[in-house]
Amino acid sequence: MIHCEGLVKIFKTDEIEVVALQGLNIEVKQGEMMAIIGNSGSGKSTLLNILGGLDRPSAGQVRVGEWDLLKITDKQLVDYKRRTVGFVWQNNARNLLPYLTALENVETPMMLGSKVDRAYALQLLEWVGLKHRVHNKLQQLSGGEQQRVAIAISLANRPSLLLADEPTGSVDSLTSDLIMDTFRRLNSELGVTIVIVTHDLSLASKVDRVVAIRDGLTSTEFIKRNPNLDHGAQESHHLHEVHEEFVVLDRVGRLQVPKAFLEALNIENKASMEFDGEKIIIKPPNSLEGDQS
């Protein structure tokens, strides 16, 4: 569904040039539900904006389904955003029109297509658990309910890809669980591919795969050991019991070792590396035998 290779994004002003993505590689399969995590400034939101057609990449490869987002024309980009991708923002003010009801909010993006499909709009609100709230205006809805309306809106154009930028960032933990359960149900029932950007590693237990981005590069990946674990089983296990962490290699074999590992070994700009036939051992230069990561 998504293929990024050597993806670069540079923001320029008259005096400053900022490299937000510096050769990022990532693959997302059709129907997958995954999260991208990273600290502020890591490049995760920049990646989401490129996948959503809101920013243009500077270099590299980025494909979503049939679309080449590096070569796409402005006219095609409008079609891409209408047909292929749905977007959920953290800030509800960017998702919703406050003077309309929940149902009217979901129907509004349908006006850009051929016709308003009220039956489908009602179905979407039922899927997100708001069947009883369809005629309520936004001030009558809680923050979590507004966010679920936003999820319904993002699916109004029947996209094959749903992008969510910190969708649980402004709600409490209980509401966060409800929102993530909604994403999981829609992923399962509709088969829509879902990519969630967050800084909250605790969401990893709610998705199939987590990719960590550091300094504009893919660095670490967490993959669920048993992808068939149901929701209840996930809740009863700690994160490290259901996910396995991997360091991600690029196409020429380079890897980015987590900073905490290097600091623990007092490794700064150089390390020694050995191969004993079974494993690779990374050590500080001239370290004593047995000190290894």
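Parameters at a glance
- Residues numbered from 1 in each chain as written.
- Predicted model: local features only at pLDDT ≥ 70, side-chain atom pairs only at ≥ 80, totals over all residues.
- Heavy atoms only, no water.
- Helix = DSSP H or I, 4+ residues; strand = E, 2+ residues; numbered from the N terminus.
- Expected span 1.5 Å × (residues − 1).
- Buried < 20%, exposed > 50% of the residue type's maximum accessible area, 1.4 Å probe, protein only.
- Polar contact = N/O pair within 3.5 Å; in protein donor to acceptor, adjacent residues only side chain to side chain.
- Patch = residues over 30% accessible without salt bridge, like charges linked within 9 Å, V, L, I, M, F, W, Y side chains within 5 Å.
- Areas by Shrake-Rupley, 256 points an atom, 1.4 Å probe, with all protein chains shown as cover.
- Salt bridge = Lys/Arg side-chain N within 4 Å of Asp/Glu carboxyl O.
- Phe/Tyr/Trp six-rings, centres within 6.5 Å; stacked < 30°, edge-to-face > 60°.
- Pairing = 2+ DSSP bridges.
- Right-handed = clockwise from strand over helix to strand, strands pointing away.
- Arc of directions from axis to C-beta.
- Contact = heavy atoms within 4.5 Å.

Caption draft 1: Structural view of helix H6 (residues 143-154). Taking 1.5 Å as the rise per residue, H6 with twelve residues should run 16 Å; its terminal C-alpha atoms sit 17 Å apart, in good agreement. Across the twelve residues that make up H6, a large majority, eleven, are buried. Of all the positions in H6, only Gly144, Glu145, Gln146, Gln147, Arg148, Val149, Ala150, Ile151, Ala152, Ile153 and Ser154 are classed as buried.

Caption draft 2: Focus on the side chain of lysine 283. Within the secondary structure, lysine 283 is located in strand S13 (residues 280-283). Side-chain polar atoms of lysine 283 contact the side chain of glutamate 274, separated by 3.0 Å.

Caption draft 3: Region of the structure containing a nonpolar patch on the surface. Together, Phe11, Ile16 and Val18 line one region of the surface with nonpolar side chains, adding up to about 250 Å² of accessible area. Tracing the sequence through the fold places phenylalanine 11 in strand S1 (residues 2-12). Accessibility expressed as a relative area gives 33% for phenylalanine 11, which makes it partly exposed.

Caption draft 4: Molecular detail of the packing of aromatic side chains. Enumeration according to the criterion identifies three aromatic pairs in this entry. With a centroid separation of 4.4 Å and an interplanar angle of 20°, the aromatic rings of phenylalanine 87 and tryptophan 89 are classed as stacked. You can call phenylalanine 87 buried: its relative accessible area is 15%. Centre to centre, the rings of tyrosine 120 and tryptophan 127 are 6.4 Å apart; their planes meet at 80°, and the pair counts as edge-to-face.

Caption draft 5: Geometry of the pairing of strand S7 (residues 161-165). The buried fraction of S7 is high, at five of five residues. Of the two faces of S7, both are covered, the one formed by Leu161, Leu163 and Asp165 as well as the one formed by Leu162 and Ala164. Across four bridges, strand S6 (residues 85-88) lies against S7 in parallel orientation. The residue bridging glycine 86 from the neighbouring strand is leucine 162, located in S7. Of the strand pairs in this sheet, S7 and strand S8 (residues 193-198) are connected by five bridges, and their pairing is parallel. Residue alanine 164 lies in a different strand from S8, and its bridge partner there is isoleucine 196. What joins S7 to S8 is helix H7 (residues 173-190), and the crossover it makes is right-handed.

Caption draft 6: Just helix H5 (residues 118-127), in detail. Among all positions in H5, only Tyr120, Ala121, Leu124 and Leu125 are buried. End-on view of H5: buried residues confined to an arc of 140°, all on one side of the axis. Looking at the buried residues of H5, the elements they touch are helix H4 (102-107) and H6. Glycine 129, located one to two residues past H5, shows a positive phi value of around 80°.

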